[in-house]
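What follows is the residue order along each chain.
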Amino acid sequence: LVSRKKKPEDTIVNVKGENIGDGRPHFVMGPCAVESYEQVKEVALALKEQGLKLMRGGAFKPRTSPYDFQGLGIEGLKILKQVADELDLAVISEITHPNDIEAAVEYLDIIQIGARNMQNFDLLKAAGSVNKPVLLKRGLSATIEEFMFAAEYIISRGNSRIILCERGIRTYEKATRNTLDISAVPILKQETHLPVAVDVTHSTGRRDLLLPAAKAAIAIGADAVMAEVHPDPATALSDAAQQMDIPQFHEFMNTLKSQAAIY
Ligand code: PEP
Ligand code: MN
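Right, let's walk through the structure included here. (Residues numbered from 1 in each chain as written. Chains lettered and ligands numbered in written order. Predicted model: local features only at pLDDT ≥ 70, side-chain atom pairs only at ≥ 80, totals over all residues.)

1. Points about helix α4 (residues 121–128)
Quick reminder of the rule: Residue burial here comes from a neighbour count, namely the number of other C-beta atoms, placed from the backbone, that lie within 10 Å of the residue's own C-beta, with 20 or more meaning buried, 12 or fewer meaning exposed, and in between meaning partly exposed. Runs of E in the DSSP output that reach at least two residues are strands. Runs of H or I that reach at least four are helices, and both are numbered from the N terminus. Once C-beta atoms are placed from the backbone, any two residues with those atoms within 7 Å are in contact.
Turning to α4, its buried residues are L123, L124, A126, A127 and G128. Against α3 (98–107), β6 (110–113), β7 (134–137) and α5 (144–155) lie the buried residues of α4.

Right, here's the structure in full:
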């Protein structure tokens, strides 16, 4: 069902007036993790200033180490929703357990399924059974075919509002956190009718590569770019090394806007 052979025309995922897949790049920005109301609000105000609508923030954090900050859980979703309602934004956050999908629908505009859960089939089925867009990330070691099958789990349950997100894959290269598989974007656009996003933060893991990676993503036809923004990245409870601070975020957006005309 995700195949373009089944449905030749592009799927456009509408989220509060943002039409992801309409041929223009959209931006999903916000902190790695929700830490406090004040932290989210500060980032949200910056997004607003840039005219952006889609705010991200992790509440259920899938951390490599069990001793690292695990996120605020439902409390984090409540903070996101409160700020979003105040500023008329749409929110996206990762859900890691199938039982939380139902509750998440109340707080979120887009449900994110993270790389580590791309083949959590019960989670995929649960996300396929609700009336809410889903951003599905590519697994750390998933082939494009496996990625498409994961999306198939969601769509086969009746939910076709899916955004695929390339977020880097594991290779032998150590210069970046993961290797951004940029060619996955046009392949996924050819093979499926779904919009495709590129997460420049988790793929590169390097603040200095966020802008060039975003330019590449837009140039190659990505429908959305995801990146992380934190008021004070040095004190962030997760991903301190690659989040942008607010002035860097404005510079990032202004540069892309001035060069987007080129594309
Ligand atoms: C995230 O976007 O917060 C995240 C954890 O990303 P990934 O699942 O791609 O590692
Ligand atoms: Mn992160």
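Following the structure, the description resumes.
2. Quick word on the sheet that holds strand β10 (residues 224–228)
Put simply, the test is: At least two bridges found by DSSP between two strands is the condition for calling them paired. Every axis in this analysis is a line fitted to C-alpha atoms, fitted for helices over the stretch in contact. Angles between the N-to-C directions lie between 0 and 180 degrees.
In space, the 8 strands of this closed barrel follow the order β3-β4-β5-β6-β7-β8-β9-β10, with parallel pairing throughout. Strand-to-strand, the axes of this sheet are offset by a mean angle of 25°, without reference to chain direction. With 5 bridges connecting them, strand β3 (residues 26–30) and β10 associate as parallel partners. Looking across to β10, one finds that V28 is bridged to M226.

3. Quick look at the site of ligand 1
Selection criterion: For each residue, a C-beta atom is positioned from the backbone; the residue is called near a molecule or strand if that atom sits within 6 Å of it. Amino acids are sorted into nonpolar (Ala, Val, Leu, Ile, Met, Phe, Trp, Tyr, Cys and Pro), charged (Asp, Glu, Lys and Arg) and polar (every other residue, Gly among them).
With respect to spatial proximity, the complete set of residues near ligand 1 consists of C32, G58, P62, E94, G114, A115, R116, K137, R167, D199 and H202. The residue inventory of the shell around ligand 1, partitioned by class, reads 3 nonpolar, 3 polar and 5 charged.

4. Things to note about the environment of A224
With respect to the secondary-structure elements, A224 resides in strand β10. Its 25 C-beta neighbours within 10 Å are what place A224 among the buried residues. Taking the C-alpha atoms as reference points, A224 and E251, 27 residues apart in sequence, are found 18 Å from one another. Filtering out sequence-adjacent residues up to four positions away, A224 remains in contact with I20, P25, H26, F27, V28, I163, P195 and A197.

5. Thoughts on the environment of F60
Tracing the sequence through the fold places F60 in the loop between β4 (54–56) and α2 (74–87). Distance from F60 to C32, taken between C-alpha atoms, is 11 Å for residues 28 residues apart in sequence. With sequence-adjacent residues up to four places away left out, F60 is seen in contact with G71, G73, E94, I95 and T96.

6. Re the nonpolar core
Applicable threshold: By definition, a nonpolar core groups buried Ala, Val, Leu, Ile, Met, Phe, Trp, Tyr and Cys residues that are joined through C-beta atoms within 7 Å.
Ranked by size, the top nonpolar core spans 82 residues in total, and within it L136, A151, I163, L164, A197 and V225 carry the most contacts. With 7 residues, the single largest contributor to this core is α5. Beyond its immediate sequence surroundings of up to four residues, L164 is in contact with L136, F147, A151, L188, T192, L194, V196 and A197.

7. Details of the pairing of β10
The buried fraction of β10 is high, at 5 of 5 residues. Here β10 shows a buried face lined by A224, M226 and E228 and a second buried face lined by V225 and A227. Two strands pair when backbone bridges link them, and strand β9 (residues 196–199) and β10 are joined in this way by 3 bridges, in the parallel orientation. Counterpart to D199 in the pairing with β10 is M226.

8. Topic: the packing of α4 against α5
Stated precisely, the cut-off is as follows: For classification, angles of less than 35 degrees are called roughly parallel, those exceeding 145 degrees roughly antiparallel, those between 65 and 115 degrees roughly perpendicular, and all remaining angles oblique.
Contact pair α4 / α5: the axes reach a minimum separation of 7 Å and the direction vectors enclose 45°. Taken together, the axes of α4 and α5 lie oblique to each other. In this structure, α4 contributes F121, L124, K125, A127 and G128 to the contact, and α5 contributes A150, Y153, I154 and I155.

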